[in-house]
Amino acid sequence: SEPELERHFEQVIERDQRIEPRDWMPDAYRKTLVRQVAQHAHSEIIGMQPEANWITRAPSLRRKAILLAKVQDEAGHGLYLYSATETLGADRTELTEKLIDSKQKYSSIFNYPTLNFADVGVIGWLVDGAAICNQVPLCRSSFGPYARGMVRICKEESFHQRQGFELLMTMMRGTDAQRRMVQDATDRWWWPSLMMFGPPDHDSPNTAQSMAWKIKRHTNDELRQRFVDMTVPQAEALGVTLPDPEISWNDERGHYDFGEIDWDEFKQVISGNGPCNAERLAHRRAAHEDGAWVREAAAAYAAKQHT
Ligand code: ACO
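Residues numbered from 1 in each chain as written. Predicted model: local features only at pLDDT ≥ 70, side-chain atom pairs only at ≥ 80, totals over all residues. Heavy atoms only, no water.

Caption draft 1: Inspection of the packing of aromatic side chains at higher detail. Enumeration over the complete set of coordinates arrives at 10 aromatic pairs. Taking 5.6 Å as the distance between ring centres and 90° as the angle between the ring planes, the aromatic pair formed by Tyr29 and Trp213 counts as edge-to-face. Of this pair, Tyr29 sits in helix α2 (residues 27-46) while Trp213 is found in the loop between α9 (207-212) and α10 (220-238), placing the two residues 184 residues apart along the sequence. Neither residue differs from the other here; Tyr29 and Trp213 are each classed as buried. On the numbers, 5.5 Å between centres and 45° between planes, the contact of Phe197 with Phe227 is tilted. (Phe/Tyr/Trp six-rings, centres within 6.5 Å; stacked < 30°, edge-to-face > 60°. Helix = DSSP H or I, 4+ residues; strand = E, 2+ residues; numbered from the N terminus. Buried < 20%, exposed > 50% of the residue type's maximum accessible area, 1.4 Å probe, protein only.)

Next comes the structure, spelled out in structure tokens:
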């Protein structure tokens, strides 16, 4: 009976065990997961664009090979995550259509342009660094397929983070012009990276329920603070200045204080008015439409094999 199933579901959550696709789950739990995992998948796929922008212009064969592999990894992450949504009964084609019709979100961060090659390094360092901070706790998410998918994604994500840092270290040992490029990219990506963690806790409608269900393990502000604490010493090691004069160690709190985020900018970006939203979606739509013949051919081939 439904009350028994519900009690079982709650016990599984309470004991820190995993909910699996065939288990009973409340409709709202399923809906929240599809929302979050689909948004995550879309972010991985849209996130290929800003970096792919530099593949043809990477400064050496080695950097080009690294960047190609990295962008390919992002495609793989998107595919694992779409598979996880399918275990919840979602349909991949429908999700893609919702993305290109702006009915589902993807991360705000991918709506900013990549203006110079240092951006590739800064995306690895800050954007993938923030992604790891947010995603490592998701390896303990209560939904089994999502949690297991996140283990592999996080391993690759931390490799990406290190390649970004290594690229920036190389540029910082280079010419004054290269050092200026790294500082410029850091200045442009710092604040948007902090926005990746989502709205402040008092303005985050989904956090309380997602924490109770152990879909999320920490609040947006907790993870943002963890990211700042981790990144300030890395900026010092690199020799760049973070564009926030209010960053200072707070002995009492045992954390770095930092300045106020421009939440109006965040709201603009997530409602479709960021610098690159239109371009990102137009590109994604064109890729989907151009790929229609491949999907048709694959389906026809599969049908033929079947008969
Ligand atoms: N960009 C776009 N939308 C965002 C962002 C962001 N940075 N942060 C929050 N939002 C959206 C939420 O999706 C939600 O909108 P919705 O209800 O229409 O779906 C709304 O803003 C309110 O936010 P919250 O109540 O805080 O939402 P939630 O509990 O889902 O927390 C978070 C947001 C932290 C992003 C969570 O969904 C999460 O951890 N997702 C998994 C990680 C992920 O998606 N990463 C993608 C970027 S990393 C990468 O791909 C390299």
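Caption draft 2: Highlighting the environment of Ala303. Turning to its location among the elements, Ala303 is positioned in helix α13 (residues 292-306). You can call Ala303 partly exposed: its relative accessible area is 44%. Separated by 109 residues in sequence, Ala303 and Leu194 have C-alpha atoms that sit 48 Å apart.

Caption draft 3: Local environment of the site of the ligand. Around the ligand lies a shell of 28 residues, among which Gln39, Lys105, Ser204, Lys216 and Asn220 are the nearest. The backbone of Ser108 places a nitrogen or oxygen atom 2.8 Å from a nitrogen atom of the ligand. Asn134 places a polar side-chain atom, nitrogen or oxygen, 3.0 Å from an oxygen atom of the ligand. Relative to its unbound accessible area of 960 Å², the ligand is 90% covered by the protein chains. Looking at the shell around the ligand, the elements with two or more residues in it are α2, α6 (118-135) and α11 (263-273). In terms of residue count, the dominant contributor to the shell around the ligand is α2 (6 residues). For the shell around the ligand, the per-class residue count stands at 12 nonpolar, 12 polar and 4 charged. (Near = heavy atom within 4 Å. Polar contact = N/O pair within 3.5 Å; in protein donor to acceptor, adjacent residues only side chain to side chain. Areas by Shrake-Rupley, 256 points an atom, 1.4 Å probe, with all protein chains shown as cover. Nonpolar A, V, L, I, M, F, W, Y, C, P; charged D, E, K, R; others polar.)

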